[in-house]
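Single-letter residue listing:
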Amino acid sequence: TQLLEQSPQFLSIQEGENLTVYCNSSSVFSSLQWYRQEPGEGPVLLVTVVTGGEVKKLKRLTFQFGDARKDSSLHITAAQPGDTGLYLCAGVPDSNYQLIWGAGTKLIIKP
Amino acid sequence: EAGVTQFPSHSVIEKGQTVTLRCDPISGHDNLYWYRRVMGKEIKFLLHFVKESKQDESGMPNNRFLAERTGGTYSTLKVQPAELEDSGVYFCASSHADWQPQHFGDGTRLSIL
């Protein structure tokens, strides 16, 4: 059974600080996706990383896929209160399209 | 275009009763997925339809759960009889091709009393 360990589970920081969220697995994924979920809504896809070592940037968010395609990170620079939310990683296995999810990181950015 | 729609948004039923959840995918999306998040746990895959066929139902917890997608359009997920451990948020997602990103509905929050 493939698992995706996401950390930290909860993070509360001040506006302007930087942070990194990690997703780690012992399994290889064909790609890894990062989602953001607001209360009462479904997950919304932020980015998909496909190639080992790939780095994608979305404004102040930087996503990286590990060289071995087993881990990924999300780095937010100069966090803002609007970044507050639940961030989820999800891996796509090599053999099918059922997403394997991390437990999520609840992020609070205090003004 | 309209997104993935799930109904109802909330359902509260007693143990032993039956509940049916509905998902309307984005029009034209052949692939439809059901996921569930039990409180305190990660989202878990339940099953995957391609049009009206079940492509992968390996995540279905037990035979109290029945998913259908007659005609390859909307899908229903029936829980009969419901048990306490079935409480959680049930998400539906759809995609045009299986390798393309999945678009999620807002989920159905199911509470079993």
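Shown above is the structure to which this text applies.
First, a word on what this report is: a plain description of the structure on this page. Just so you know, these numbers come straight off a predicted model, no measurement behind them.

## Thoughts on the sheet that holds strand β8 (residues 71-76) of chain A
All names here are of chain A.
Then, number 1: Pairing within the open sheet is antiparallel, and its five strands lie in the order β1-β3-β8-β7-β6. The sheet terminates laterally at β1 (5-7) and β6 (55-58), the two strands that pair on one side only. With strand direction ignored, the average angle separating the axes of adjacent strands in the sheet is 15°.

## Regarding the interface of chain B and chain A
Then, number 1: Each partner contributes to the interface: chain B provides 17 residues, whereas chain A provides 16 residues.
Then, number 2: Of the roughly 1400 Å² buried between chain B and chain A, counting both surfaces, carbon and sulfur atoms make up 56%.
Then, number 3: It is R37, I43 and F104 of chain B that lose the most area in chain B upon contact with chain A, and together they represent 31% of the buried surface on that side.
Then, number 4: Taken together, the links from chain B to chain A amount to zero salt bridges.
Then, number 5: For the interface between chain B and chain A, the tally reads six residue pairs in polar contact (both at pLDDT 80 or more).
Then, number 6: Within the side of chain B that touches chain A, the residues separate by chemical class into eight nonpolar, three polar and six charged.

## Here's the deal with the sheet that holds strand β3 (residues 19-24) of chain B
All names here are of chain B.
Then, number 1: Ordered by their spatial adjacency, four strands build an open sheet running β1-β3-β8-β7, and the pairing between neighbours is antiparallel. In this open sheet, the two strands that pair with only one neighbour each are β1 (5-7) and β7 (65-68). Each neighbouring strand pair of the sheet contributes to a mean axis angle of 15°, computed without reference to strand direction.
Then, number 2: Taken together, the five bridges between β3 and strand β8 (residues 75-79) define a ladder with antiparallel strand orientation. Among the inter-strand pairings, T20 is bridged to a residue of β8, identified as K78.

## Remarks on the layout of surface pockets
Then, number 1: Quantified by volume, the largest pocket comes out at close to 670 Å³.
Then, number 2: Residue lining of the largest pocket: 25 residues in total, with Q37 and L86 of chain A together with R37, G40 and V89 of chain B positioned closest to the centre.
Then, number 3: Where the lining of the largest pocket is concerned, the elements lending two or more residues are β9 (85-93) and β11 (105-110) of chain A together with β9 (88-95) and β11 (108-112) of chain B.
Then, number 4: Of the residues in the lining of the largest pocket, the class split is ten nonpolar, ten polar and five charged.
Then, number 5: Within this model, the second largest pocket holds a volume of roughly 280 Å³.
Then, number 6: Of all elements in the fold, only β1 and β10 (100-101) of chain A together with β5 (43-50) of chain B reach the threshold of two or more residues within the lining of the second largest pocket.

## Structural notes on the state of the cysteines
Residues and elements named next belong to chain A.
Then, number 1: Applying the stated rule across the entire model yields two disulfides over all chains.
Then, number 2: A disulfide bridge connects C23 with C89, and the sulfur atoms are separated by 1.7 Å. Disulfide C23-C89: torsion about the S-S bond near -85°, hence left-handed. Here C89 lies in strand β9 and C23 lies in strand β3 (residues 19-24), a separation of 66 residues in the sequence.

## Some remarks on the pattern of salt bridges
Residue and element names in this part refer to chain B.
Then, number 1: Inspection of every chain in the model, using the stated rule, returns eleven salt bridges over all chains.
Then, number 2: R64 is the salt-bridge partner of E85, the closest N and O atoms lying 3.9 Å from each other. With a gap of 21 residues between them, E85 in the loop between β8 and β9 and R64 in the loop between β6 (53-56) and β7 connect regions that are remote in the sequence.
Then, number 3: Judged by relative accessible area, which is 51%, E85 ranks as exposed.

## Some remarks on the packing of aromatic side chains
Then, number 1: For the structure on display, the rule yields nine aromatic pairs over all chains.
Then, number 2: Taking 6.4 Å as the distance between ring centres and 25° as the angle between the ring planes, the aromatic pair formed by Y33 of chain B and Y35 of chain B counts as stacked.
Then, number 3: Given a relative accessible area of 0%, Y35 of chain B falls into the buried group.
Then, number 4: For the ring pair Y35 of chain B and F104 of chain B, a centre distance of 5.6 Å and an interplane angle of 40° mean the geometry is tilted. Taken together, the residues Y35 of chain B in strand β4 (residues 31-37) and F104 of chain B in strand β10 (residues 103-104) connect sequence positions 69 residues apart. Here Y35 of chain B and F104 of chain B have matching classes, each one buried.
Then, number 5: Ring-pair connections join several aromatic residues into one group, and the members of that group are Y35 and W101 of chain A together with Y33, Y35, F45 and F104 of chain B.

Rules and cut-offs
Residue positions are given per chain, counted from 1 along the sequence in the order it is written. As they are written, the chains are lettered A onward and the ligands numbered 1 onward, keeping that order. Only residues with pLDDT of at least 70 get local features here, since the model is predicted, and only at 80 or more are side-chain atom pairs given and counted; chain-wide, interface and lining totals rely on the full set of residues. Note that water and hydrogens are dropped before the side-chain values are worked out from all heavy atoms of the structure. Any two strands with at least two DSSP bridges between them are considered paired. Helix and strand labels come from DSSP, where a helix needs a run of H or I of at least four residues and a strand needs a run of E of at least two; each type is numbered from the N terminus. Each axis is a line fitted through C-alpha atoms, and for a helix only the stretch in contact is used; angles between axes span 0 to 180 degrees, taken between their N-to-C directions. Any two residues whose heavy atoms approach within 4.5 Å are treated as being in contact. We define buried area as the total accessible area lost by two parts upon association, computed with a 1.4 Å probe and summed across both. For this analysis, a salt bridge means a side-chain nitrogen from Lys or Arg found within 4 Å of a carboxyl oxygen belonging to Asp or Glu. In protein, a polar contact means a hydrogen-donor-capable atom and an acceptor-capable atom, both N or O and within 3.5 Å, with residues adjacent in sequence counting only if both atoms are side-chain atoms; elsewhere, any N or O pair within 3.5 Å suffices. Three residue categories are used. Nonpolar comprises Ala, Val, Leu, Ile, Met, Phe, Trp, Tyr, Cys and Pro, charged comprises Asp, Glu, Lys and Arg, and polar comprises the others, including Gly. Note on definitions: the grid is 1 Å and covers protein atoms alone; a cavity is a set of points where a 1.4 Å probe fits but cannot get out; a pocket is an open set with protein on both sides within 12 Å along at least five of seven lines; lining residues have an atom within 4 Å of a point. Grid points are joined across faces, edges and corners, and a volume is the space filled by probe spheres set on the points. Two cysteine sulfurs form a disulfide in these notes if their separation is within 2.5 Å. The classification of residues rests on relative accessible area computed with a 1.4 Å probe and restricted to protein chains. Under 20% of the type maximum is buried, over 50% is exposed, and intermediate values are partly exposed. For Phe, Tyr and Trp, rings pair up if their centres lie within 6.5 Å, where Trp contributes its six-membered ring, and each pair is then called stacked (planes under 30 degrees apart), edge-to-face (over 60) or tilted (otherwise).

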